[in-house]
Number of protein chains: 2
Amino acid sequence: MHVLQGLLQDELPIINDRLARKTRELPELVRAVAEHVLMAGGKRLRPLLTILFFRCVSRGTGERVLSASSSFPSASGGSDIYPLACSMEFLHSATLLHDDILDGSDLRRGQATAHLVYGKTETILAGDVLLALGNRLVAEYGDARLSWRVAEAIMRTASGEIQELEWIKRPALSLEHYLEIITGKTAYLIQAACHCGALAGGGDEQAAQAALDYGINLGIAFQLTDDALDYSAKAEVAGKPVGNDLREGKLTLPLILYMETLSEAERKDILAWVRSLGAVADPGALSAPNMARHEHVVQAVRAAGCVEQTRAQAAQYVVLAEKALSSLPECPERIALQEALQHTLHREK
Amino acid sequence: MHVLQGLLQDELPIINDRLARKTRELPELVRAVAEHVLMAGGKRLRPLLTILFFRCVSRGTGERVLSASSSFPSASGGSDIYPLACSMEFLHSATLLHDDILDGSDLRRGQATAHLVYGKTETILAGDVLLALGNRLVAEYGDARLSWRVAEAIMRTASGEIQELEWIKRPALSLEHYLEIITGKTAYLIQAACHCGALAGGGDEQAAQAALDYGINLGIAFQLTDDALDYSAKAEVAGKPVGNDLREGKLTLPLILYMETLSEAERKDILAWVRSLGAVADPGALSAPNMARHEHVVQAVRAAGCVEQTRAQAAQYVVLAEKALSSLPECPERIALQEALQHTLHREK
């Protein structure tokens, strides 16, 4: 992973500095909420993908000449890709702000969620401002295709979250429906980050298609890994308690796979129980019998090997994503994009 | 007002039909929430402004030839302005959905607000989907200036609402701050509707500036009239109770003007009381003494002539808006835009 590591070392400080500077321009209260969610860490996956596709595709089109002394120059030349890259993080953060209200989540990246600190109404509006800021930064590139892709991705992200809410009310054992939801709520925005980078780099149709294919498959693999980690990561590493999805009544792949090993009667019983968890207003506060059953089910899912099976599914999407890269010019950025796939698959938080 | 009336008769059914058709394409739950807010009436002011500026400016540039048989053909030719016009209503509706959650409003256009019918979480997400749908429709015109204008307007709208929330917590007698808030929360999106119409019509810099100037001044006049109506309209006409702003702890111009007639001690006392109203979680439920005082203050504001003074302020902005029209080509649409100003000023709901 040394190419990706080198890149992260060079790029993360710049991305974080740009994010901080843009955030400081926001109205006071929005700024506080935005800093709360933006400065709590975060992998900056989406901005990095935009930068990587931009640079990789620019090499192919010759639109941008990289300095020979370094494969990852810290400042781009005439065309500054950072505002576009940052817009992806602003859009993502906006969805997190709204999402945590919906889920009633108490913790994000190990700290109290914004709506608990600043209030729900302020957090809703701060999310709206960040969405609009992201859209404005994208529009400043003067290419309506970028604006279209981002709008479409946000539509699908919010729609995916609504579908998930509905599913929590009426959970059913459906792998297809599960994949549709995670593609919506996670993969489309990751795809948009890739696609926008390729378009801004002057990519042709083939390069743009490669970015779309890579992005959607990486996005699905990313969420599958997330859902596997929810059953396996230690609380102190993940920044949130183990089995959080189950606690919120979310039916994710590890549990779906586990339930497929059960009798129909047991399945029905668990489904009814998961549904009752989803109906609780405050998912943090389980009753004592529910806590015991939660602990039991989490252990059973792990013992049945369903965490590993979920990661194996993620690996299949990573294969598809890797294939998509083959049409791109061979360059350090392409290697970094390959390494990012492995990193996604094997991450522990 | 016969030109505007004729236009409304021709255009409203088309706008409503297009809105309904676009809404039907949304995911099921979003669709229900969107129809709830979109189909409850509404003046369609923003779509109409987009259409009027588009047509008026197109005449000047000759980019679009109108059929000679009618000044308001119901279907545009090669360039279809309706999706752009509808996008303004989707964006506006999205802000209403979020806004009603923040205000804790029970009624909108005489019916229960969406979050009471469909739940807060569903309404937040439906608002996000409508925002994104609006952005996507705008992006489909292939002109990033449109996307930029809309993003900027939504940023300012949400920022204005946040400022208003803060002001409710710490009300102060400041006309300047009041104007800043209403410009933010109302005028910028109306301005964007005008500006986008002019840009889509191929307007030059002068035409675009006319649209910006007309829009911002109409927007301020519109909100001033709204705030006057809040103290004067009958509940059955307005679709919400009289004195609603005061009930929510909102300091609007009629009350500001009234307070300027009081002694400093009386002013301080009222400010403290208004602040206490804003701090109540459910503004629908005033205590008996608060109800009596609310009734008393509303009557005092009316008796002091502050409703008329607020309308007089609105008239000054209407004069500025009318001036902005002078650089546009003389045409029926320009007459309709003038009539829209008078209509805004004299409306009773």
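In every chain, residue numbers begin from 1 and rise along the written sequence. For this description, chains carry letters from A and ligands carry numbers from 1, given in the order in which they are written. Totals for whole chains, interfaces and linings use all residues, but because this is a predicted model, local features are given only for residues with pLDDT of at least 70 and pairs of side-chain atoms are given and counted only at 80 or more.

**Q** So what exactly am I meant to see when it comes to the interface of chain A and chain B here?
**A** Buried accessible area, meaning the area lost when the parts come together, often serves as the stated size of an interface. Residue pairs qualify as contacts under a 7 Å threshold applied to their C-beta atoms, which are placed from the backbone. In this complex, chain A contributes 36 residues to the contact, which on the side of chain B involves 35 residues. The helix and strand labels rest on DSSP assignments: H or I over at least four residues marks a helix, E over at least two residues marks a strand, and numbering proceeds from the N terminus. Looking at the side of chain A that touches chain B, the elements with two or more residues in it are α2 (28-38), α4 (82-103), α6 (120-139) and α7 (144-169) of chain A. The leading source of residues in the side of chain A that touches chain B is α7(A), at 14 residues.

**Q** Quick question: what am I supposed to make of the nonpolar core here?
**A** Side chains that are nonpolar tend, in soluble globular proteins, to be buried together. For our purposes the nonpolar core covers buried Ala, Val, Leu, Ile, Met, Phe, Trp, Tyr and Cys residues that link as a set through C-beta atoms within 7 Å. Put simply, a residue is buried when 20 or more other C-beta atoms lie within 10 Å of its own C-beta and exposed when 12 or fewer do; between those, it is partly exposed, and each C-beta is set from the backbone. Core analysis: the biggest nonpolar cluster contains 215 residues, and A:Val129 and B:Val129 have the highest contact counts within it. When residues no more than four places from it in sequence are discounted, the contact partners of A:Val129 are A:Leu26, A:Val30, B:Met155, B:Ala158 and B:Ser159.

**Q** Is there a simple way to explain the environment of A:Thr225 in this structure?
**A** All names here are of chain A. Along the chain, the position of Thr225 falls in helix α9 (residues 205-232). Look at Thr225 and you get buried, because 22 C-beta atoms sit within 10 Å. With residues near it in sequence (within four places) discarded, Thr225 still touches Arg311, Ala314, Thr344, Leu345 and Arg347.

**Q** I tried to follow the environment of B:Leu325 on my own but got confused; where do I start?
**A** With respect to the secondary-structure elements, B:Leu325 resides in the loop between α15 (306-324) and α16 (332-346). Expressed as a C-alpha distance, the spacing of B:Leu325 and B:Gln299, which sit 26 residues apart in the sequence, is 38 Å.

**Q** Could you clarify how one ought to interpret the packing of helix α15 (residues 306-324) of chain A against helix α16 (residues 332-346) of chain A in this entry?
**A** Two quantities define a packed helix pair, namely the angle between the axes and the distance from one axis to the other. All names here are of chain A. Two elements in contact, α15 and α16, have axes whose closest approach is 10 Å; the angle formed by their N-to-C orientations is 170°. Regarding the angle of α15 to α16, the classification is roughly antiparallel. Along its contact with α15, which presents Arg311, Ala314, Ala315, Val318, Ala321 and Glu322, the element α16 presents Gln338, Leu341 and Leu345. Looking at the contact of α15 with α16, its residues break down into six nonpolar, one polar and two charged. Interaxial angles span 0 to 180 degrees and are taken between N-to-C directions of axes, which are lines fitted to C-alpha atoms, for helices over the stretch in contact. Note on angle classes: values under 35 degrees are labelled roughly parallel, values over 145 roughly antiparallel, values of 65 to 115 roughly perpendicular, and the remainder oblique. In this count, Pro and Cys sit with the nonpolar residues alongside Ala, Val, Leu, Ile, Met, Phe, Trp and Tyr, while Asp, Glu, Lys and Arg are called charged and the others, Gly among them, polar.

**Q** How should helix α13 (residues 264-278) of chain A be read in this particular structure?
**A** Since the α-helix packs 3.6 residues into each turn, any two residues three or four apart lie on the same face. Take the number of residues in a helix, subtract one, and multiply by 1.5 Å to get its expected span. In a regular helix each residue adds 1.5 Å, so 15 residues correspond to 21 Å; α13(A) covers 21 Å between its end C-alpha atoms and thus fits that length. Buried positions along α13(A) lie against α7 and α12 (253-259) of chain A.

**Q** Looking at this structure, I do not really get the relation of the copies chain A and chain B. What am I missing?
**A** The operation linking the two copies of the chain is a rotation about an axis combined with a translation along the axis. A least-squares fit on C-alpha atoms brings the copies together, and the residues used are those whose pLDDT is at least 70 in both copies. Of the two same-sequence chains, chain A is brought onto chain B (RMSD 0.0 Å, axial shift 0.0 Å) by a rotation of 180°. Classification of the inter-copy transformation places it as that of a two-fold axis. Rotation axis and chain A: the residue whose C-alpha lies nearest the axis is A:Ala144, separated from it by 2.4 Å. When the interface residues of chain A are mapped onto chain B, 97% of them again lie at the interface, so the same face is used by both copies.

**Q** Would you mind showing me how to read the confidence of the model for chain A here?
**A** Low-pLDDT portions of the prediction should not be read for the details of their coordinates. Residue and element names in this part refer to chain A. Every residue is assigned a pLDDT by the predictor, reflecting its confidence on a scale from 0 to 100. Residues at a pLDDT of 70 or more form 89% of chain A, whose mean pLDDT is 88. Here residues 64-78 is modelled with pLDDT under 50, and outside its nearest four sequence neighbours on either side it reaches 13 contacts, counting other chains as well. For this predicted complex, the interface confidence reaches an ipTM of 0.88, while the overall pTM sits at 0.90.

**Q** I'm lost on unusual backbone geometry in this one. Help?
**A** Apart from glycine, the bulk of residues carry a negative phi angle, and the bulk of peptide bonds sit in the trans form. In this model, A:Arg44 sits at a positive phi of 55°, which is unusual for a non-glycine residue. Note that A:Arg44 resides in the loop between α2 and α3 (45-61).

**Q** Where do I start with the packing of α9(A) against α16(A) in this structure?
**A** All names here are of chain A. Where α9 meets α16, the axes come as close as 9 Å, and the angle between the chain directions of the two elements is 20°. In terms of orientation, α9 and α16 fall into the roughly parallel class. Seen along the crossing, α9 lies across α16 with a hand that is left-handed. Seen from α9, the contacting residues are Tyr214, Leu218, Ala221, Phe222 and Thr225; seen from α16, they are Leu337, Leu341, Thr344 and Leu345. Helix crossings fall into two classes, left-handed where the near helix is turned counterclockwise from the far one by less than a right angle and right-handed where it is turned clockwise.

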